[in-house]
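Structural characterization, general
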Amino acid sequence: MFGRSTYDYDDDGFRRCSVTGLDIHRSAEDMVKLYGLTAILALAVGGVFAVFVALTRWEVVGLLSPGDFYTYLSIHAWNLLIFWMVFMEIAILYVGGPFVLGRKLALPSLAKAGYVAMLAGAVTVNAAIWLTSYPNNAPLLTSYVPLESSWQFYLGALVFVLGAIVAALPFFATMWREKRENPNATLPLVAFGAFATSIIAFEALVGGVLTYGPALLWRLEILATLDSAFYRQMYWIIGHGSQQINLLAMITVWYFITHVVGGAEVASQKVSRTAFVLYIFFINMGAAHHLMSDPVVSTGWRMWNTSYAAYGAVLASMIHAFAIPAGLEAGRRAKGKGGGLFGWLWSGPWDDPGFSATILSIVLFGFLGGITGVMMGQMQLNMTWHNTLAVPGHFHATVATGTTLAFMGLGYYVLRLVFGREWSLGPIAKIQPFLYGGAMGVTVVMMMYAGVLFGVPRRHPTVMDIPGTEFSFEAAAPFFAIFGVGALVSIVGGALFVVVALATLFTGDEFEGGPVGDLSRTVADGGGSDHEPVHEQSMRGTFVLTLVFFATFVVLTALNWYLLSNIWGIGP
Amino acid sequence: MDSPLDEPEGNWWDEAVNRRETLWIALSAGWALSLFGWMIGWTEFGDQNNVGQTYSITPDEFQTKVADFKDRAEDTERGLVPADEDVYVGALQWGWDGLPVVLEAGETYRFHLGSYDVQHGFSVRNEENLSQQMSLQILPDYEWVVEMEFDEPSTYHVVCNEFCGNGHRSMHSTIHVEG
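Thresholds applied
Residues numbered from 1 in each chain as written. Chains lettered and ligands numbered in written order. Predicted model: local features only at pLDDT ≥ 70, side-chain atom pairs only at ≥ 80, totals over all residues. Heavy atoms only, no water. Helix = DSSP H or I, 4+ residues; strand = E, 2+ residues; numbered from the N terminus. Rg over C-alpha atoms; globule rule 2.2 N^0.38 Å. Buried < 20%, exposed > 50% of the residue type's maximum accessible area, 1.4 Å probe, protein only. Contact = heavy atoms within 4.5 Å. Areas by Shrake-Rupley, 256 points an atom, 1.4 Å probe, with all protein chains shown as cover. Lys, Arg positive; Asp, Glu negative; His and termini not counted. Charge placed at Lys NZ, Arg CZ, Asp CG, Glu CD. Core = buried A, V, L, I, M, F, W, Y, C linked by side-chain atoms within 4.5 Å. Pairing = 2+ DSSP bridges. Domains from an automatic or database assignment. Patch = residues over 30% accessible without salt bridge, like charges linked within 9 Å, V, L, I, M, F, W, Y side chains within 5 Å. Salt bridge = Lys/Arg side-chain N within 4 Å of Asp/Glu carboxyl O. UniProt positions renumbered as here; feature names shortened; annotations may be inferred.

**Digging into the overall build of chain A**
Across its full length, chain A carries 17 helices and three strands. In summary, chain A has a C-alpha radius of gyration of 23 Å against a globular reference of 25 Å for 572 residues, a match within 12%. Relative to its 572 residues, chain A shows a buried fraction of 66%. Long-range contacts, defined here as pairs at least 24 residues apart, represent 82% of the contacts in chain A between residues at least 6 apart. Accessible surface computed for chain A: about 18500 Å², of which carbon and sulfur atoms make up 67%. Averaged over its 28 positive side-chain charges, chain A has a centre that lies 4 Å from the centre of its 33 negative ones.

Here it is as structure tokens:
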């Protein structure tokens, strides 16, 4: 596929990866390339539109007119939150299933059909948004009825979602065949994580059909009305569910890359797998936290979904937050890669962008994205976050610093291990994760400050100048100045990833195989099991790090409740 | 060695778990229960709860109610002084019907929130202290009744923070609270 690979396959279509030891079949690898590169294309499109969005919200520049702003924001959102993510996630399913299990991709024609539908849907959505004209409105991400968008938009979204369901089927079929042939075998953890991801993806995508199907019928005036509260509940099954796919795919990638590049082992199979099962049961119900400040849904319904359900998923995330660094710590200690409290971490291959992107992703996701998500998921605190700029702050912390950075880390290894090419522009590749992650981290913190401390609304092009009133959010201007600079630097950082990826594809030397990171692969892949069991390795460094995380979590939660308690009386 | 890429060896379910990992799970579970308990407790002991009865209503019916509210209220230079404790807010593209209002500090009012057209966001903040702010969603076909009691005399600014079309940014009004 694409003729850019340096690898050859044997007569059965397999090749053995010299770094991971995986047997990879061409049928799966071709599709990983196709979906992966399409994802990077969507990343590039969304990134270009990010420039316009950031420079409009930074009102010192104020680039776009209000009408254009909503159009550009919609294209930015759909390409980065949906197309970049979902194309990449299908690729991750094909890695987590066929690659890890050493199998052919089952039903390859469905993978191609799904791709064609997803691409057609994505192009239709982009075109429909770009060509929005009266009486239609830019859909943004949510396209809340009854605000009308063009019927072509709903159709494109529906086709994309159906395409993604079709594209997931070859993964399920591969798993089915594996279990038929090896009924008593346990799936490797990465395959198990991919399987959990696929279940959550399926639920989310069915939500998408229930959202865009009725919305299309309503827009075509086949359905006379569509209840706004019904739409919101169906919409958030896919609206947040799609981001839960990101979460699980990202965590699966964390396990994968920390092992391949850093030499991590699994701290406890039982604990990590239980955490994935908790996600399957609870995380989609947790999406109800979008309706915390809504009428219609009862207090009991909201409490149930943000307590019993959401905390089942929060517990799972906290488990992974320990298990992944602990696996890295135990694995590196066992290989003599670090003594003391944090030697295993400092000694890591920080000049390897796969490693640095992954570690930064874990830290930034946890501290910035995870904590804020739990806080705004509490019913009462939600009032101070709902629809403020702090909400995009939160999901840029999860999606832009967390998932995107993790997928970039994976992308670096797709270039090496799938396309067989050594990174071009090596020095740029080394600094890219730090530049992108650092700047994006600053940007999202500014968005959260502006949102929670000043109540600056999201989806608003001119908060410094509200027509018809003297009132404005001028007090937040200093935060927007840092936001603007941070956003531009992070866009440059993101663009450098695309540049390195394209340069590598077209000019990269042949990748010679291991060692990667700072490991000799024979050791990393378990050449010797002469050391003590993983659970007997010290995890004290990880324990200290997670206690710092916990203290931050408690302090930030207390501060937010304090802010809430200062508001006037609301409710009975 | 326990690689995430290989089938785990032996009886992996019965493998011991590191003591610190067990401790962390207990701490996390305790924290989740605390957050849950706090949220429930706040509905009893806290003064800020986004809780109130919802009623089905057509936009036309709701508009009639808002008009009735305006008729009964006293019209002053700063806004409407409600005749009783009910305040009706009708959100529309692109303005706030029923606002501005003039309220008394320390009095409890029932805010009736509804929309004449699409979804809107009722986002209110104290002009003296912007971090005193909160948002409630407004949906067409529903009337949401939420009690509010402002204790500090000040001007509270209302903006829409749910995208509602090209004029979205111009939706602004005020609630004047007098001592």
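Still to come is the rest of the account.
**Structural notes on the nonpolar core**
With 229 residues, the main nonpolar core has Tyr94 of chain A together with Phe111, Phe122 and Ile175 of chain B as its most contacted residues. It is helix H2 (residues 66–101) of chain A that contributes the most residues to this core, 25 residues altogether. Not counting the four nearest positions on each side in its chain, Ile175 of chain B is found in contact with Leu99, Val101, Leu103, Phe111, Phe122, Val124, Phe150, Ser154, Thr155, Tyr156 and Val158 of chain B. With 18 residues, the next largest nonpolar core counts Val456, Val463, Phe480 and Phe483 of chain A among its residues.

**Side note on the pairing of strand E8 (residues 120–126) of chain B**
All names here are of chain B. Taking burial as the measure, the seven residues of E8 include seven buried ones, the bulk of the element. Neither face of E8 is open: one carries His120, Phe122, Val124 and Asn126, the other Gly121, Ser123 and Arg125, and all of them are buried. Relative to strand E9 (residues 129–138), E8 runs antiparallel, the two sharing seven bridges. Paired with His120 across the bridge in E9 is Ile138. Pairing analysis gives five bridges linking E8 to strand E11 (residues 154–160), with the strands arranged antiparallel. Following the sheet pairing, Arg125 is matched in E11 by His157.

**Comments concerning the domain arrangement of chain B**
Considered domain by domain, chain B is made up of domain 1 (12–45) and domain 2 (53–178). Inter-centroid distance (C-alpha atoms) of domain 1 of chain B to domain 2 of chain B is 40 Å.

**Looking at a negative patch on the surface**
All names here are of chain B. On the surface, Asp47, Glu104, Glu107, Glu127, Glu128, Glu149, Asp151 and Glu152 cluster together to form a negatively charged patch. With respect to the helices and strands, Glu128 occurs in the loop between E8 and E9. The exposed category is assigned to Glu128, whose relative accessible area is 60%.

**Notes on the UniProt feature "domain: Cytochrome oxidase subunit II copper A binding" (unreviewed entry) in chain B**
Under the UniProt annotation, "domain: Cytochrome oxidase subunit II copper A binding" (unreviewed entry) lies at residues 82–179 of chain B. The span residues 82–179 of chain B carries 0% helix and 62% strand; its end-to-end C-alpha distance comes to 16 Å.

**A look at unusual backbone geometry**
Residues and elements named next belong to chain A. A cis amide bond links Tyr134 to the next residue, Pro135, at an omega of 5°. The residue Pro135 is located in the loop between helix H3 (108–130) and helix H4 (151–181) in this model. Backbone geometry at Leu425 places phi at a positive 55°, although glycine is not the residue there. Note on placement: Leu425 falls in the loop between helix H13 (390–417) and helix H14 (426–454). The phi dihedral of Arg459 falls on the positive side, at around 55°, and the residue is not glycine. By the secondary structure assignment, Arg459 is in the loop between H14 and helix H15 (477–507).

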